[in-house]
Amino acid sequence: MMLASVQKMNDLKVDALKFHQLEIVKGTLFEQSYLDKKIKLLSLNEYMNLLGDSLKILNPDIIIQRLFGFTHSDFLVAPVYEKNFNYHQLINNFLDENNIFQGERYVQSH
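Residues numbered from 1 in each chain as written. Predicted model: local features only at pLDDT ≥ 70, side-chain atom pairs only at ≥ 80, totals over all residues. Heavy atoms only, no water.

Trainee: Is there a simple way to explain the layout of surface pockets in this structure?
Mentor: Which parts of space are left empty comes out when a probe the size of a water molecule is rolled across the atoms. Its boundaries defined by the atoms lining it, the largest pocket holds a volume of some 350 Å³. Around the largest pocket sit 15 residues that line it, and Met2, His20, Leu22, Leu42 and Leu50 are the ones nearest its centre. If you list the elements that add at least two residues to the lining of the largest pocket, you get helix H1 (2-12) and helix H3 (44-57). Grouping the amino acids of the lining of the largest pocket by side-chain chemistry returns 10 nonpolar, 3 polar and 2 charged. Empty space within the second largest pocket amounts to approximately 290 Å³. Taken together, 16 residues line the second largest pocket, and the ones lying closest to its centre are Phe70, Thr71, Leu76, Tyr81 and Lys83. Its residues assigned to classes, the lining of the second largest pocket comprises 7 nonpolar, 6 polar and 3 charged. (1 Å grid on protein atoms, 1.4 Å probe; cavity = no way out; pocket = protein on both sides within 12 Å on 5 of 7 lines; lining within 4 Å. Points joined across faces, edges and corners; volume = space filled by probe spheres on them. Helix = DSSP H or I, 4+ residues; strand = E, 2+ residues; numbered from the N terminus. Nonpolar A, V, L, I, M, F, W, Y, C, P; charged D, E, K, R; others polar.)

The following block contains the structure:
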């Protein structure tokens, strides 16, 4: 679904885009669905791989404003990632190690 959404953003010719992982916030309908095991969250590794695949097909002219979301810990149920971790460096390393760059598989729609 995320890759289809990225393609739709390409087709809409948006100027900028924000990515972030699904987060479960206290007091929401998603919280109960998550607690009832009706929602499975991506692991950090799964999210990074999906993000990499998304960046490959993203129009290189689209500005990326965010790659991760961070809900305050008072409100966050899941996923709980390491606090004070350098996610910017994690993303840079992942992209470098996998030779991924924005738009490498971008195909312009008619």
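From this point, the narrative continues.
Trainee: I tried to follow the packing of aromatic side chains on my own but got confused; where do I start?
Mentor: Two measures describe an aromatic ring pair: the distance that separates the ring centres and the angle between the ring planes. This structure, assessed with the given rule, holds 6 aromatic pairs. With a centroid separation of 5.1 Å and 45 degrees between ring planes, the pair formed by Phe68 and Tyr87 is classed as tilted. Of this pair, Phe68 sits in the loop between strand E3 (63-66) and strand E4 (76-78) while Tyr87 sits in helix H4 (residues 87-97), placing them 19 residues apart in sequence. Measuring from ring centre to ring centre gives 6.1 Å for Tyr81 and Tyr87, while their planes differ by 45 degrees; the resulting arrangement is tilted. (Phe/Tyr/Trp six-rings, centres within 6.5 Å; stacked < 30°, edge-to-face > 60°.)

Trainee: What is the right way to read the pattern of salt bridges from this model?
Mentor: Side chains bearing opposite charge may pair, as long as their charged atoms lie close to each other. Using the criterion set out here, one finds 2 salt bridges in the structure. Here Lys40 makes a salt bridge to Glu46, at a shortest N to O gap of 3.4 Å. Classification of Glu46 by relative accessible area gives partly exposed; the value is 34%. The salt bridge involving Lys56 is made with Asp53; its shortest N-O contact spans 3.8 Å. In this pair, Lys56 and Asp53 both sit in helix H3, 3 residues apart, roughly one turn of the helix. Relative accessible area serves as the criterion here: at 13%, Lys56 is assigned to the buried category. (Salt bridge = Lys/Arg side-chain N within 4 Å of Asp/Glu carboxyl O. Buried < 20%, exposed > 50% of the residue type's maximum accessible area, 1.4 Å probe, protein only.)

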